[in-house]
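If you want the building blocks of each chain, they are given just below.
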Amino acid sequence: MRSKSSTFRTHRAVTTCAALLAGALALSACSSGDNDKKDNGEKSGGTTGPSVTLPKLNGAHLEVAAVWTGGEQANFKKVLAEFENRTGAKVTFVPAQDPIINFLGSKIAGGQPPDVALLPQPGAIKQAVQKGWAKPVGAEGLKELAKNYSQGWQDIGKVDGKQYGVYYKAANKSLIWYNAKVFENAGAKEPKTWQDLLTASQAVYDSGVTPFSVAGADGWPLTDWFENIYLSQAGPEKYDQLAQHKIKWTDPSVKQALTTLAQVWGKKDYLAGGQDGSLQTEFPQSVTQTFTGGDQPKSAMVYEGDFVQVNIGETKAKVGTDAKVFPFPAVGSDAPVVSGGDAAVILKDSKAAQALITFLASPDAATIQAKLGGYLSPNKNVPVSAYPNAVQQKIAKALIASGDDFRFDMSDQAPQAFGGTPGKGEWKDLQDFLKNPKDVAGAQAKLEKDAAAAYGNGG
Amino acid sequence: MASAAAAGAPPGPAAPRSRKSVTGTRKTVAALFLLPALVLLGALVVYPIGYSLVRSFYNASGDGFAGFDNYSALFTDDSIRTALKNNVVWVVFAPTVSTALGLVFAVLTERVRWGTAFKLVVFMPMAISMLAAGIIFRLVYDQDPDKGVANAVWVGVHDTFAQSSAFPKAHPGRESPLVAEDGGFVTKAAVHAGQPVTLPLVGVAPDQLPDGVKKAVAARPEPGKVTGSTWQDFTRGKGVGKLGAPDPSEVGYAGMRIEAVKDGEVVASTEAAGDGTFTLPASADGARLRLPAGNFKEPYNGVDWLGPALVTPAIIGSYVWMWAGFAMVLIAAGLAGVPRELLEAARVDGATEWQVFRKVTVPLLAPVLAVVVVTLMINVLKVFDLVFIIAPGSSQDDANVLALELYRKGFAEGQPGIASAISVFLLLLVIPVMAFNIRRLRREVRR
C-alpha cells in the first residue's frame, strides 16, 4: 500500500521536473536543492529573524491532519503558510475527526496516510508506534526539541526511549475561571488552597449566586476535576501509577480524592442546576452560563483549561476584566498542573516532513500562533509577550514555570475505552458519582471494574 | 397448493416444457441483464454481510481467532444488555404507538373538511432528516424551562397550581442563631417577650427578592410581645457586614412567614413587614421561632426528560412524532380501498361509530396495519441517529440501543470484533420480520 503512494509521488515529481525543464530551468533544480537554506526564509521572516534554518523544498507536497476546526484551524493554517513561504513546499491541511487514531487507521488502510498528524493523546502516539505507523524524529528535529522544550515535554513524546512526538500545542487544565463581578459582590478572593476555595464558594453562595457550573453531560470535564485533586493530594508518583493502572482505583488515595471532590459535588446548592442539572449541562453551556446574566449569572465559577476562553468569546464578557482566572488551588502541598496537548507525529518519512516537524518544534512557528490567541505552547523559548492578553500570559507563565512537574491528563493516557468514550468507563463512572456523591466506595468499585477491563485488553 | 390446484384442474394450457420463459428470453441473456445488479448487490450487500460474519469470529485486532467470545460478550457486557433491553422497549412501543396514532389520524381525517391539509401537517416531520429531528428534540426536552418547550409547558401547568416561594436559596450564614429542620429553619433557643429576636439569613439573589422590600431595621423591644426582624444579612461587596445586625444597605425579607412553636405545636404565626420586622403576641413567649419550609420551596424545575429514567420514552416520543405521519398516509391509502357499502351497511344496521370502527374498519384494514407495524419494526431495530443525538452524554448509556452500541464498540472503543457480532445479531433479529413481510407481500400479489 505504501509503495503505491510512493510511486504516485515519484510520478508527480517527474511531472514537476518535466515542467521545469520545459520552462528552460536548470536541471539541478530537480536534484533536490539540498543546501540552499537562505533566500526564501529571509524575506518572509517578519520583524524577527528566523531562529530555525529550514531546507529548500520546492515541489514537495505535505499533508497535515489534525482535528482542529474553526479559528484554531485557520490560525494553524497561517503557521503552515509561513512554512510554505520559507521552504517552497506545499502543505495541505486535512481535517480529521475524533478519535483521530481511527481516522488515521482508515487513511493508512487506504494507502493515503497524511505525512504528519497531530495526535491529542500520548496513548495515541503509543498506538501509532505499535502499529508501525509513526516514524522517529530526525536529528534536526531533535536538536530543535532539546533547545526549546523542557525534559518533561520531550519525554511524553517518546515511546520506548525514541522520540516520535513533538508537542506543538499545550493545554493548561488547572484553571478555574470566575465571574469577576460576582466575586466582587460576594467579597470573595482568589483562593490559593482548597480550603480557601470552599470559603470563597460559601461567600458566593451567601451572596445569592450558585458557586459552580459543572459540565456533567460531557464526561471529560469530570475526569479533569478528579485529576487535579488527585495530582495535588496524592502527589505525582501516585498519579503516574494510577495513570498506568499500577495501583487500583480502590486505593485509599482515590477514596480521599473522591471524598474531597464530594465537598463540592455533594452540595446540591453549590452546583448550577443541582446534580441532575449538571448532568445535562454540556461544556460550552457551562461556560456561557457563568459569564452571562449580569450580576446574577447561573454560576460564579467554572473549572476547565485555557480553551475556556474560546467559549467566553461567545458571551459579552471580556477575558481579563469580566472573566478572570486563578490556578487550581492546592489540595495537598502543591497546586496541581494538569496539562494536555497535541503532538505532531510523522507518518510518512521524508525530508519535507522532517523539516515541518523541525519547524513546529521551533519558537518561530509557536510564536505566530501565540500572537493569534487561543493557543498555548509548551515551547519555553516562546516569549511571553507573544500572547495577546494578560490572562493568556499568566496561563503560559504558569505552564512553563511548572517545568517538569506538570502531569499529562490521566484520562488521555488511559485506553480509549476507559478514558475517552462518552457514556462509558471513567466518564460514565464519574457521572454516576456526580449523581450520587455519597457513594464513594461504589464509584471506586465501578472505576476499578471498568479500568481492569480496559487496561486488560490493551484498548 | 398451487400444484394440487393445477392437477385438479381440467387440462388447460400445457405447462411450459422448454427452459425458455414466457417472453422467450434465453438464460444467458437473462444472466447478462442480471449481472450488473448482482455484482452491485454482491459487492455492497452480500460481501459486507459475509465479511461481518467472518470478522465477528476474530478478536479486536483481527489477527486471532476468537471463537464465540464476541457472541458471549453480547450477553455478558452490561452496556450491550442495556441496549438489548432498550431495543425490546423500542420494538414493542414505537411501532404500535405510531401505528395506533396513524390509524386514529387516518380515520379522523376522512371525516373532516380540511383533511388533506391536516394530513400534510402530520406528514411533514417525515420530510425532516432524523438528525435534524434529533437536534430539535434535544432542545424540546431541555431541562431549562426557558429553552425546552416540554418543560416550559410542564412548569407552566405546575406553577398555576403550586406557587414557588420568594426565598428559595435562603440559608443561615455564619454563627447563625438558626438551625435547619424539615426544610425550614428554627431558632436554637426559645424567645422571650421584650427581647428582640434576630433571624438573619443569606443567599437570596437580589433580583429574586419580592417586591416591596425595604431597608432592614432592627426590631424594637415591646413589653408583652415577641418582636424581631428577619433580613438578608449580606452586603454586596462586603460579605456579611456586621454579623447578626442589619447594615445600612441590607434589606428585610418582606412576607417571610414566621411561626412560634411550643412542643411541636404552632401557637402563633405572622408575616414579616417590608423592613423585615415582625411582632408576635405574648403567647409566643418561651416558644421557638420557626421559618417554615414553605418559605424556601425551590422553584419547580420540570421533569428530567433526558435523565436515565425517562430518556428512552422521550426519544420514542420524538420517533412517533416523525413516523406517525408515515403510518397515517399508508393507512389512509388502505382506507380509501375499503368498500364504502360495508360501512354504510353497518350503519344502516344500527352500529355506532365506535362499533363501525372496531368491527368493520379495523378488520378490513388489518393487512395494511400489519404491513405498517412490520415496516416500522424493521425501521426501529436499526434506530441510531435519534438516540445518538438526543441523549446527553450522561444518559447515553441508559438510552443505548444495539445500533448505537455497534457504533460505539466499533468506532470509539476499537472493538470491531464485538461490533461485528452485534451486527450479525441485529441481522438475525431482522430476518424473521423481513421474512414475514416478504411472505405477506407474495400473498398480496397472488390475490
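Residues numbered from 1 in each chain as written. Chains lettered and ligands numbered in written order. Predicted model: local features only at pLDDT ≥ 70, side-chain atom pairs only at ≥ 80, totals over all residues.

Draft legend 1. Just the overall build of chain B, in detail. Helix and strand counts for chain B come out as 14 helices and eight strands. Relative to the compact-globule value of 22 Å for 447 residues, chain B shows a C-alpha radius of gyration of 36 Å, a clear excess of over 25%. Considered along the principal axes of its C-alpha atoms, chain B spans approximately 120 × 75 × 35 Å. Taking contacts inside chain B between residues at least 6 apart in sequence as the whole, the part at least 24 apart equals 70%. (Helix = DSSP H or I, 4+ residues; strand = E, 2+ residues; numbered from the N terminus. Rg over C-alpha atoms; globule rule 2.2 N^0.38 Å. Contact = placed C-beta atoms within 7 Å.)

Draft legend 2. Inspection of the overall build of chain A at higher detail. From N to C terminus, chain A includes 21 helices and 12 strands. For chain A, with 459 residues in total, the buried portion stands at 54%. (Buried ≥ 20, exposed ≤ 12 C-beta atoms within 10 Å, placed from the backbone.)

Draft legend 3. Representation of the environment of Ile258(B) in the model. All names here are of chain B. With respect to the helices, strands and loops of the structure, isoleucine 258 is situated in strand S5 (residues 257–262). Spatially, the C-alpha atoms of isoleucine 258 and alanine 272 are 7.4 Å apart, while their sequence positions differ by 14 residues. Not counting the four nearest positions on each side in its chain, isoleucine 258 is found in contact with Thr230, Ser269, Thr270, Ala272, Phe278, Leu289 and Leu291.

Draft legend 4. Region of the structure containing the pairing of strand S8 (residues 288–291) of chain B. Residues and elements named next belong to chain B. Sheet analysis places strand S2 (residues 184–187) next to S8, joined by two bridges and oriented antiparallel. Residue pairing across strands places valine 186 opposite arginine 290, the latter belonging to S8. With three bridges joining them, S5 and S8 adopt antiparallel strand pairing. What sits directly across from alanine 260, in S8, is leucine 289. (Pairing = 2+ DSSP bridges.)

Draft legend 5. The interface of chain A and chain B, seen in detail. Between chain A and chain B, the contact holds 32 residues from the first and 29 residues from the second. For the side of chain A that touches chain B, the elements supplying multiple residues, two or more each, are helix H8 (180–186), helix H9 (194–206), helix H12 (274–278), helix H19 (416–419) and helix H20 (425–435) of chain A. Here the element with the most residues in the side of chain A that touches chain B is H9(A); it accounts for three residues. Tallied by class, residues from the side of chain A that touches chain B come to eight nonpolar, 17 polar and seven charged. (Nonpolar A, V, L, I, M, F, W, Y, C, P; charged D, E, K, R; others polar.)

Draft legend 6. Main features of the domain arrangement of chain B. Split by domain assignment, chain B resolves into domain 1 (55–152 + 305–446) and domain 2 (178–296). Each of domain 1 of chain B and domain 2 of chain B has a C-alpha centre, and these two points are 57 Å apart. (Domains from an automatic or database assignment.)

Draft legend 7. Here's a closer look at the packing of helix H6 (residues 139–148) of chain A against helix H15 (residues 351–360) of chain A. Residue and element names in this part refer to chain A. Where H6 meets H15, the axes come as close as 8 Å, and the angle between the chain directions of the two elements is 5 degrees. The orientation of H6 with respect to H15, classified from their angle, is roughly parallel. Of the residues in H15, those in contact with Glu140, Gly141 and Glu144 of H6 are Gln354, Ile357 and Thr358. (Axes fitted to C-alpha atoms, helices over the stretch in contact; angles between N-to-C directions. Parallel < 35°, antiparallel > 145°, perpendicular 65-115°, else oblique.)

Draft legend 8. View of H20(A). Most of H20(A) is tucked away: nine of the 11 residues are buried. Within the span of H20(A), buried status applies to Gly425(A), Glu426(A), Trp427(A), Lys428(A), Asp429(A), Leu430(A), Gln431(A), Phe433(A) and Leu434(A).

Draft legend 9. Broad picture of the sheet that holds strand S9 (residues 301–303) of chain A. All names here are of chain A. Reading across the sheet, the four strands line up as S8-S9-S7-S10 and stay open at both edges, with mixed pairing between neighbours. If you trace the sheet from one side to the other, it starts and ends with strand S8 (212–213) and strand S10 (323–327), each paired once. Judged from the three bridges that link them, strand S7 (residues 175–179) and S9 form a sheet pairing that is antiparallel. The partner of tyrosine 178 across the bridge, within S9, is methionine 301. The sheet contacts of helix H13 (residues 283–291) involve S7, S8, S9 and S10, and relative to S9 the element is tilted by about 155 degrees.

Draft legend 10. Representation of the sheet that holds strand S3 (residues 197–201) of chain B within the structure. Residues and elements named next belong to chain B. Pairing within the open sheet is mixed, and its three strands lie in the order S3-S4-S7. Both edges of this open sheet fall to S3 and strand S7 (277–280), since each of them pairs with a single strand only. Strand after strand, the sheet turns through a mean of 20 degrees between neighbouring axes, direction not considered. Bridge analysis of S3 against strand S4 (residues 226–232) gives five bridges, and the strand direction is parallel. Counterpart to proline 200 in the pairing with S4 is tryptophan 231.

Draft legend 11. Local environment of helix H5 (residues 122–130) of chain A. Residue and element names in this part refer to chain A. With seven of nine residues buried, H5 lies mostly within the body of the structure. Those residues of H5 that fall on the buried side of the exposure criterion are Pro122, Gly123, Ala124, Ile125, Lys126, Gln127 and Ala128. Directly after H5, the chain includes glycine 132, whose backbone phi takes a positive value near 80 degrees.

Draft legend 12. Structural context of the nonpolar core. Grouped together as the largest cluster of nonpolar side chains are 136 residues, with contacts concentrated most on Val116(A), Ala117(A), Val166(A), Val345(A), Leu356(A) and Ile357(A). With 11 residues, the single largest contributor to this core is helix H10 (residues 220–243) of chain A. Each of domain 1 (62–172 + 339–401) and domain 2 (175–336 + 415–456) of chain A contributes no fewer than three residues to this core. Listed in part, the 55 residues of the second largest apolar core include Leu103(B), Ala332(B), Leu365(B) and Val387(B). (Core = buried A, V, L, I, M, F, W, Y, C linked by C-beta atoms within 7 Å.)

Draft legend 13. How the structure looks around the pairing of strand S2 (residues 90–95) of chain A. All names here are of chain A. Relative to S2, strand S1 (residues 61–66) runs parallel, the two sharing six bridges. Opposite alanine 66, over in S2, you have proline 95 as the bridge partner. Crossover connection from S1 via helix H3 (residues 70–87) to parallel S2: handedness right-handed. (Right-handed = clockwise from strand over helix to strand, strands pointing away.)

Draft legend 14. Seen up close, the confidence of the model for chain A. Summary statistics for chain A give a mean pLDDT of 84 and a share of 89% for residues scoring 70 or more. Long-range and interchain partners of residues 1–47 of chain A, a stretch whose pLDDT sits below 50, account for 30 contacts in this model, where long-range means more than four residues apart. (pLDDT = per-residue confidence, 0-100.)

Draft legend 15. Representation of the domain arrangement of chain A in the model. Residues and elements named next belong to chain A. Annotation of chain A at the domain level lists domain 1 (62–172 + 339–401) and domain 2 (175–336 + 415–456). The straight-line distance from the C-alpha centre of domain 1 to that of domain 2 is 28 Å. Counting residues at the interface gives 12 residues for domain 1, matched by 13 residues for domain 2. Listing elements by their share of the side of domain 1 that touches domain 2, those giving two or more residues are strand S6 (165–172) and helix H17 (390–401). When residues of the side of domain 1 that touches domain 2 are assigned to their parent elements, the largest contribution, four residues, is made by H17.

Draft legend 16. Just unusual backbone geometry, in detail. Backbone geometry at Asp160(A) places phi at a positive 50 degrees, although glycine is not the residue there. Among the secondary structure elements, Asp160(A) is positioned in the loop between strand S4 (158–159) and strand S5 (162–163). Residues other than glycine seldom take positive phi values, yet Asp263(B) does so here, at roughly 50 degrees. On the neighbour-count criterion, Asp263(B) (7 C-beta atoms within 10 Å) is exposed.

Draft legend 17. Looking closely at the confidence of the model for chain B. Residue and element names in this part refer to chain B. Mean pLDDT over chain B stands at 85; residues scoring 70 or higher make up 93%. Confidence drops under pLDDT 50 across residues 1–12; counting only partners more than four residues distant or on other chains, this segment forms zero contacts. Confidence metrics for the complex model read pTM 0.77 and ipTM 0.74.

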